[in-house]
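Structural features, examined
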Amino acid sequence: MATSTGASSDDEMSTDGQPSAGTEGAERPAMDLGDFKTLEQFIIERQKGVPHSTGAFSRLLRDISVAAKIVNRDMRTAGLIDVHGSTGEVNVQGEVRQKMDALAHREFVLALRRGGECCLIGSEEHAEAIPLATTEGEEGDYIVLLDPLDGSSNIDVNVSVGTIFSVYRLPERWEGKPTVKAALQPGTRQVAAGYVVYGSSTMLVYTTGTGEVNGFTLDPSIGEFLLSHPDISTPDEGKIYSINQAYYESWGDGLKDYVRWMQQPDEEGKHPFKTRYIGSFVSDFHRNLLKGGIYIYPATRNSPSGKLRLMYEANPMAMLVEQAGGAATDGHTRILEKSPEKLHQRTPLFIGSKEMVETAGTFVQGERELEAA
Ligand code: AHG
Ligand code: MN
Ligand code: MN
């Protein structure tokens, strides 16, 4: 049974401050802590359903979740141990590198190296792909591409940030040490994808492409991720659009029309859509996944490929959203079918509720225009 995530307003409250009937809060009963399932139990259960499984993939997921817990710990004490703020360095994207970006990158690399199931890491925080081998010289079968910390410019002001990860298998018949070429596979070949959001609670959401997206909330008192959002499905239609409107003058005419179309009041004078934009992709995506909506980071005049990265931002989120019933394109092409050429390549991104992404495409491709009022 899919978790009910019907589009609901985030301000549906009765006058006594309690969620009114029919809101998401009312639909999702409080978690019974006597009957929880941990991420580890869930992974083992799923592994039993895979014939001849060696457990390597389960161990890889465990390593990712351990790194997430360590980053979570660092995040929760960030204000106290002065890891906030910039290192003063500039990363491969030419952006000022945050201390937490560097820490999160390090924790994921260490956890994946320790675990031994990953042979190659591609990270936003490292120009080249990083080959891994255990101290015994063994190499794992999996490639992990990640944005160790997404939305990190928000850390200083205590806004939710996240980690995004994408998992591939080393291509069959690959010979020798894995290089970046091994990682340059289209998104359709991902074997798993997920994100962690370090928010008011910490959640890990992942899919292995079997038509299910599951969300786990970290219970800090026992240090375990507990299954809190089983089988997430995203509404086909949503009410939220998330885009940085400050760049309006740099957009193409189709996108300008689409956003202005969403701003039009209906026959009763009501506004059917609303804007929510945190500037932290993981957080904007997570909200829209649960409530229904579209996140757009388009091409602009100065950045014809947009800002977000195909391999460790767009592809993993595209896999997640499709598995939850949504869609992701660059305005023209399905994200998962794009052929990657570079580890850090960028792509425009339209991602979220299926009908919203389709409608956006019709405007961007010039099939539809805003009718004059
Ligand atoms: P990162 O922190 O990994 O560099 O990613 C920042 C991204 C994304 O999280 C966010 O949605 C977007 O940048 C915001 O960009 P604008 O400030 O241009 O809207
Ligand atoms: Mn990012
Ligand atoms: Mn980042």
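Look a little higher up for the structure.
Residues numbered from 1 in each chain as written. Chains lettered and ligands numbered in written order. Predicted model: local features only at pLDDT ≥ 70, side-chain atom pairs only at ≥ 80, totals over all residues. Heavy atoms only, no water.

Here the focus is the sheet that holds strand E12 (residues 274–275). To summarise the sheet geometry, strands pair through backbone hydrogen bonds and adopt either a parallel or an antiparallel arrangement. An order of E12-E11-E13-E15-E14 is seen for the five strands of this open sheet, with the pairing classed as mixed. If you trace the sheet from one side to the other, it starts and ends with E12 and strand E14 (327–329), each paired once. Pairing of strand E13 (residues 293–297) with strand E15 (residues 349–352) involves four bridges; the strand directions are antiparallel. Across the sheet, the residue bridging to Ile294 is Gly352, located in E15. Contacts from helix H6 (residues 253–262) reach strand E11 (240–242), E13 and E15 within the one sheet, and its direction differs from that of E13 by about 150 degrees. (Pairing = 2+ DSSP bridges. Helix = DSSP H or I, 4+ residues; strand = E, 2+ residues; numbered from the N terminus. Contact = heavy atoms within 4.5 Å. Axes fitted to C-alpha atoms, helices over the stretch in contact; angles between N-to-C directions.)

Glancing now at helix H8 (residues 310–323). Most of H8 sits inside the fold, with twelve of its 14 residues counted as buried. All of the buried residues in H8 are Leu310, Met311, Tyr312, Glu313, Ala314, Asn315, Pro316, Met317, Ala318, Met319, Leu320 and Val321. (Buried < 20%, exposed > 50% of the residue type's maximum accessible area, 1.4 Å probe, protein only.)

Moving on: the coordination of the manganese ion (ligand 3). Looking at the metal site, the manganese ion (ligand 3) is ligated by Glu124 (OE), Asp147 (OD) and Leu149 (O), spaced 2.0 to 2.3 Å from it. All donor residues of the manganese ion (ligand 3) come from one chain, and their arrangement in sequence is E-x22-D-x1-L. Between the manganese ion (ligand 3) and the manganese ion (ligand 2), a separation of 3.7 Å is found, and both are coordinated by Asp147. With Glu124 in the loop between strand E3 (118–123) and strand E4 (130–131) and Asp147 in strand E5 (residues 142–150), the pair connects residues that are 23 residues apart, well separated along the chain. Accessibility expressed as a relative area gives 1% for Asp147, which makes it buried. (Donors = N, O, S within 2.8 Å, 3.2 Å for Na, K, Ca; no water.)

Let's shift gears to the environment of Leu310. In this structure, Leu310 sits in helix H8. Contacts of Leu310, omitting those with residues within four sequence positions, involve Asn315, Pro316, Ile335, Lys338, Pro340, Gln345, Arg346 and Thr347.

The subject of this paragraph is the site of ligand 1. Around ligand 1, the structure places 19 residues, and the nearest of them are Asn244, Tyr247, Tyr277, Tyr295 and Tyr297. Here an oxygen atom of ligand 1 sits 3.4 Å away from a polar atom, N or O, in the main chain of Leu149. Between ligand 1 and Tyr277, the relevant distance is 2.5 Å, taken from an oxygen atom to a side-chain nitrogen or oxygen of the residue. For ligand 1, whose free accessible area comes to 470 Å², the fraction covered by protein is 86%. Of all the secondary-structure elements, those providing two or more residues to the shell around ligand 1 are E5 and E13. Looking at the shell around ligand 1 element by element, the count peaks at three residues for E5. Along the lines of polarity and charge, the residues of the shell around ligand 1 split into seven nonpolar, five polar and seven charged. Here the shell around ligand 1 spans two domains, since at least three of its residues come from each of domain 1 (36–229) and domain 2 (240–364). (Near = heavy atom within 4 Å. Polar contact = N/O pair within 3.5 Å; in protein donor to acceptor, adjacent residues only side chain to side chain. Areas by Shrake-Rupley, 256 points an atom, 1.4 Å probe, with all protein chains shown as cover. Nonpolar A, V, L, I, M, F, W, Y, C, P; charged D, E, K, R; others polar. Domains from an automatic or database assignment.)

Six octahedral donors around a metal ideally make angles of 90 or 180 degrees; four tetrahedral donors ideally make 109.5 degrees. On the protein side, the manganese ion (ligand 2) has Asp147 (OD), Asp150 (OD) and Glu313 (OE) as donor atoms, found 1.9 to 2.1 Å from it. Read in sequence order, the donor residues for the manganese ion (ligand 2) give the motif D-x2-D-x162-E.

What follows covers the packing of H6 against helix H9 (residues 354–364). Running from amino to carboxyl end, H6 crosses H9 at an angle of 135 degrees, the nearest separation of the two axes being 7 Å. Comparing their axes, H9 and H6 come out oblique. Our pair here, H6 against H9, has a crossing hand that is right-handed. Each of Gly254, Leu255, Asp257, Tyr258, Trp261 and Met262 in H6 lies in contact with H9, whose residues at this interface are Met356, Thr359, Ala360, Phe363 and Val364. Across the contact of H6 with H9, the residue classes break down as eight nonpolar, two polar and one charged. (Parallel < 35°, antiparallel > 145°, perpendicular 65-115°, else oblique. Left-handed = near helix turned anticlockwise from the far one by under 90°.)

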